[in-house]
There are 2 protein chains.
Amino acid sequence: MLDKVADLQGLMRNMGARAKAASRILAQSPPETKDAALRAMADAVEAATHEILAANAEDLERARSSAMAASFIDRLTLNEARIAGIAESLRDIAALPDPVGAVAAEWTRPNGLVIRRVRTPIGTIGVIYESRPNVTADAGALCLKSGNAVILRGGSDSARSSAAIHAALARGLEAAGLPADAIQIVPVSDRAAVGEMLAGLDGAVDVIVPRGGRSLVERVQRDARVPVFAHLEGLCHVYVDKSADIDMAVSVAVNSKMRRTGVCGSAETLLVDEAVAGTHLLPILDALRAAGCEVRGSGAVRALDPAAVPATDEDFRTEYLDAIISVDLVNGVEGAISHIARYSSGHTESIVTQDPAAAERFFGAVDSAILLHNASTQFADGGEFGFGGEIGIATGKMHARGPVGVEQLTSFNYRVSGSGQLRP
Amino acid sequence: MLDKVADLQGLMRNMGARAKAASRILAQSPPETKDAALRAMADAVEAATHEILAANAEDLERARSSAMAASFIDRLTLNEARIAGIAESLRDIAALPDPVGAVAAEWTRPNGLVIRRVRTPIGTIGVIYESRPNVTADAGALCLKSGNAVILRGGSDSARSSAAIHAALARGLEAAGLPADAIQIVPVSDRAAVGEMLAGLDGAVDVIVPRGGRSLVERVQRDARVPVFAHLEGLCHVYVDKSADIDMAVSVAVNSKMRRTGVCGSAETLLVDEAVAGTHLLPILDALRAAGCEVRGSGAVRALDPAAVPATDEDFRTEYLDAIISVDLVNGVEGAISHIARYSSGHTESIVTQDPAAAERFFGAVDSAILLHNASTQFADGGEFGFGGEIGIATGKMHARGPVGVEQLTSFNYRVSGSGQLRP
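Residues numbered from 1 in each chain as written. Chains lettered and ligands numbered in written order. Predicted model: local features only at pLDDT ≥ 70, side-chain atom pairs only at ≥ 80, totals over all residues.

A. Fine view of the overall build of chain A. Each helix and strand in chain A was counted, giving 14 helices and 16 strands. Against the 2.2 N^0.38 benchmark of 22 Å for 424 residues, chain A shows a C-alpha radius of gyration of 23 Å, consistent with a compact globule. If you line up chain A on its principal axes, its C-alpha atoms span 70 × 65 × 35 Å. Residues counted as buried form 57% of the 424 residues belonging to chain A. Relative to all contacts within chain A whose residues are 6 or more apart in sequence, the contacts with residues 24 or more apart total 74%. (Helix = DSSP H or I, 4+ residues; strand = E, 2+ residues; numbered from the N terminus. Rg over C-alpha atoms; globule rule 2.2 N^0.38 Å. Buried ≥ 20, exposed ≤ 12 C-beta atoms within 10 Å, placed from the backbone. Contact = placed C-beta atoms within 7 Å.)

B. Representation of the interface of chain B and chain A in the model. Taken together, the contact pairs 48 residues of chain B with 48 residues of chain A. Elements with a minimum of two residues in the side of chain B that touches chain A: strand E2 (114-121), helix H10 (246-258), strand E13 (370-375) and strand E16 (410-421) of chain B. Per element, the largest residue contribution to the side of chain B that touches chain A is eleven residues, and it comes from E16 of chain B. Partitioned by chemical class, the residues of the side of chain B that touches chain A number 21 nonpolar, 18 polar and nine charged. Across five bridges, the pairing between strand E16 (residues 410-421) of chain A and E13 of chain B is parallel. Bridge pairing in E13 of chain B places Gln-421 of chain A opposite Ala-375 of chain B. (Nonpolar A, V, L, I, M, F, W, Y, C, P; charged D, E, K, R; others polar. Pairing = 2+ DSSP bridges.)

C. Representation of the relation of the copies chain B and chain A in the model. With an RMSD of 0.0 Å, chain B superimposes on chain A once it is rotated by 180 degrees and translated 0.0 Å along the axis. The superposition operator between the copies reduces to a two-fold rotation axis. Minimal C-alpha distance to the rotation axis in chain B is attained by His-399 of chain B, lying at 1.9 Å. Residue by residue, 100% of the interface of chain B is reproduced at the interface of chain A, so both copies engage with the same surface. (Least-squares fit on C-alpha atoms with pLDDT ≥ 70 in both.)

D. View of the packing of helix H6 (residues 134-145) of chain A against helix H7 (residues 159-175) of chain A. All names here are of chain A. Where H6 contacts H7, the two axes come as close as 8 Å, and the packing angle between them is 30 degrees. Compared by their axis directions, H6 and H7 come out roughly parallel. Where H6 crosses over H7, the handedness of that crossing is right-handed. On H7, the residues touching Thr-136, Ala-137 and Gly-140 of H6 are Ser-162, Ile-165, His-166 and Leu-169. A class-by-class count of the residues in the contact of H6 with H7 yields three nonpolar, four polar and no charged. (Axes fitted to C-alpha atoms, helices over the stretch in contact; angles between N-to-C directions. Parallel < 35°, antiparallel > 145°, perpendicular 65-115°, else oblique. Left-handed = near helix turned anticlockwise from the far one by under 90°.)

E. Structural detail: the nonpolar core. Met-41, Val-45 and Leu-90 of chain A together with Met-41, Val-45 and Leu-90 of chain B are the most contacted members of the largest nonpolar core, which totals 261 residues. Those residues in contact with Met-41 of chain B that sit more than four places away from it in its chain are Leu-90, Ala-141, Ala-168, Leu-169 and Gly-172 of chain B. (Core = buried A, V, L, I, M, F, W, Y, C linked by C-beta atoms within 7 Å.)

F. Up close: the confidence of the model for chain A. The predicted model of chain A averages 94 in pLDDT, with 100% of residues at 70 or higher. Interface confidence for the predicted complex, expressed as ipTM, amounts to 0.90; the pTM equals 0.89. (pLDDT = per-residue confidence, 0-100.)

G. Layout of unusual backbone geometry. Here His-399 of chain A, not a glycine, exhibits a phi torsion of approximately 70 degrees, which is positive. Within the element layout of this structure, His-399 of chain A appears in the loop between strand E14 (393-394) and strand E15 (402-403).

H. Geometry of the sheet that holds strand E9 (residues 294-297) of chain B. Spatially, E1(A)-E2(A)-E16(A)-E13(B)-E12(B)-E7(B)-E8(B)-E11(B)-E9(B)-E10(B) is the arrangement adopted by the ten strands of the open sheet, whose pairing is mixed. Edge positions in the open sheet fall to strand E1 (103-108) of chain A together with strand E10 (309-310) of chain B, since each of these has one partner strand only. Across the face of the sheet, helix H13 (residues 332-343) of chain B comes into contact with strand E7 (236-240), strand E8 (267-273), strand E11 (324-330) and strand E12 (348-352) of chain B while running at roughly 135 degrees to E11 of chain B.

I. View of the environment of Ala-163 of chain A. Residue and element names in this part refer to chain A. Within the secondary structure, Ala-163 is located in helix H7. For Ala-163, a count of 18 C-beta atoms within 10 Å gives the class partly exposed. As for Ala-163 and Gly-212, which are separated by 49 residues in sequence, their C-alpha atoms are 18 Å apart. Residue contacts for Ala-163: discarding those within four places in its chain leaves Met-1, Ala-55 and Ile-185.

J. Representation of helix H3 (residues 49-65) of chain B. All names here are of chain B. With 17 residues, H3 should reach 24 Å at 1.5 Å per residue; the first-to-last C-alpha distance of 24 Å fits that figure. In the core, the buried residues of H3 are packed alongside helix H4 (70-76), helix H5 (80-95) and helix H7 (159-175). Note on H3: the residue one or two positions beyond its end, Ala-67, has a positive phi of about 55 degrees. (Expected span 1.5 Å × (residues − 1).)

K. Main features of the sheet that holds strand E5 (residues 183-185) of chain A. Residue and element names in this part refer to chain A. Taken together, the four strands give an open sheet; going across it, the order is E5-E4-E3-E6, and neighbouring strands pair in parallel fashion. Looking at strand neighbours, the two that pair on one side only are E5 and strand E6 (207-211), the edges of this open sheet. Each strand of the sheet is rotated relative to its neighbour by a mean of 20 degrees, with strand direction disregarded. Pairing between strand E3 (residues 124-129) and E6: five bridges, direction parallel. Looking at the pairing, Gly-126 lines up with Ile-208 of E6. Contacting E3, strand E4 (149-153), E5 and E6, H6 runs over the sheet at an angle of about 165 degrees to E4. Packing against the sheet, helix H9 (residues 214-223) makes contact with E3 and E6, and its axis sits at approximately 160 degrees to E6.

L. Examining helix H10 (residues 246-258) of chain A more closely. Taking 1.5 Å per residue as the helical rise, H10 of chain A with its 13 residues ought to reach 18 Å, and the 18 Å between its terminal C-alpha atoms agrees with that figure. Listed in full, the buried residues belonging to H10 of chain A are Met-248, Ala-249, Val-250, Val-252, Ala-253, Val-254, Asn-255, Ser-256 and Lys-257 of chain A.

M. Structural context of the pairing of E7 of chain B. Residue and element names in this part refer to chain B. Counting buried positions over the five residues of E7 gives five, a clear majority of the element. Pairing between E7 and E8: five bridges, direction parallel. If you follow Tyr-239 over to E8, its bridge partner there is Leu-271. As paired elements, E7 and E12 share four bridges and run parallel to each other. Paired with His-237 across the bridge in E12 is Glu-349.

N. Region of the structure containing the environment of Leu-78 of chain A. Residue and element names in this part refer to chain A. Mapped onto the elements, Leu-78 comes out in the loop between helix H4 (70-76) and helix H5 (80-95). On the neighbour-count criterion, Leu-78 (24 C-beta atoms within 10 Å) is buried. Along the primary structure Leu-78 and Thr-49 are separated by 29 residues, whereas in three dimensions their C-alpha atoms are 9.8 Å apart. With sequence-adjacent residues up to four places away left out, Leu-78 is seen in contact with Ile-52, Leu-53, Asn-56, Ile-83, Pro-133 and Ser-161.

In structure tokens:
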């Protein structure tokens, strides 16, 4: 990856123009061609396992010498199983129904006009991400499946891994006779490249998808001149209601927090109904600690569990992405709703309860992208939703919300068939 | 309407905060309450017919003394029939199914999780419009039905008419026990108020809907810090294919252009397949002229019809909103697709042909919000689509495209029901 180039704007706009040209070809490409490319990309990624791991080892060595956090290293790390997972995900995406041309709705008007709403590609997607190199493959594949060209801008920390994955994707595209310009990766680490993408590359970029920490997403939302699928942090909550089954509460809380702490769907805050604090709180906190989690509690929590580290207000605003959880007691489902309205990033929240009315109230009053009842927040994932992969979890409310899969990467238009109808 | 106020930002942000508070109440309001308010609003508009017409007469007098164009006067003019139409439209919107809480999709995962995608309100909508006073009622009602608060910013030319309509809407809201803050109208003509709305009123505005001419929409797209439902001009085309029925071609072209020339769905350009120029062109152009339309033709058109006024390239880029049409010959459906790709604003295009293959090719290759086959472009209207009213015709590709009705004014979230599922 280059540090700087003389004419960054020219380079970036040229990428935009080539993406736009490729997007026109993709929009007219039949499903079989796109799926053949996706399968060829999977084969190419597997065939390149050795060189991808070698590139990743270089990225990891740099990251370790910079003393990056464990969660950062976890997101950056590839191994044979994760590379096999990338290839598997590409094949899963190939096997999905093609979203382009699908008739989302059809109805007939009293005057005989037949109106169909048909899915169409968006055009060109700009994806800006940080350390997770598998985004290169997932985002490239999802954009291709949905008929869009994509310009990828990965973090410099994962530049070697991403470049090696991208090279394999390009080989797959060419094998299927599709333009390599359909999936491009910015070859310059200069952060001004992000500014060029946010300005839209002279009208070539239709939407920006930022994936990363708060500072990246806030910069994108502030500076973008094109639509953005906002992906803010995942400040996810698990609320244990007074009617919760205690064993389920323990297992859902531990899985939500500890299955993988570096993902946006991991829980950062546990809320326990004060009505059952005496029975439910300690078993959950003990299980979290036994799993290696640091517990930070409010004053009310520490009154029942002096082992808890004191939690500040800032703790309840923090996406740890690490084996730490903040804990508070709340006054029933209404208390949980208030706490979540104040602190949540609008990503994912789970209620554990055997009371359907409490779950229904929680579902109706919490305005987050994903709400779960008696299930782990770690299900906040496009694959787990059956979308066959995702480009991220959107926390904005426009167009895409929650897991962004191939359907969310399409637009639509209306196609109206008549027999000479005139409007009176 | 005030010209200026000392603390415009304070006034606007206060409106935003009140809208946000009202939006929380609306989001939890049952359909019956919202529908009762809409019917009360219709009654109040009818009861206020006299005062709305008096206010409109003042606006019209000012517009005439400023020598505004006929199309402008047409958009501004209210009469008893149009006011009855406004009330009727409010009742139509009340009778629509409530979009909030509707389950747009539901599926079960192999692990037993049941996932529902449920429609939710967006929050607060900012609507910026120009001279058409009925937008006040339509936008207010559609936002209310979809559970959103709205801040309306009408043009100063229609300020008196819009204020009179808004007063009736507020009476309807109060009659149903809903907060009057749910539908607010900016009481200051200072254009800086628009800038405040585009900045988002301190996070209170979730989306901006601009309705107006190119300069308004371009300003909004350039300056908005929140998502925008772009409503660019309607540079709509009618293409008469070589397989068109000649009588249908005449009637569709005349209706598309002349039914109402001041609406965005009126045709501005006629394209005729050169293969049938000898038979089809003159009957269409004669009929247009007989209906009072000025015909501006390319060189190829004028070679066959010397009566046509010469058309420049600029003509093909112009939304006349008047009884003028630009005309060119093209080389079949591919020629029409190329011309439209170059000149269209992406709003609405119609093909007249008896050949299903030509229509299918047109539908698949033209990327505009609404495509019609053998029907008038004037059907580009939410009411005609069965949406029971619209806030505009979006030409962007994100979230809403084509007529923006109540469904397009909602977001959604995912509600997942489990029985203790953990992610492996």
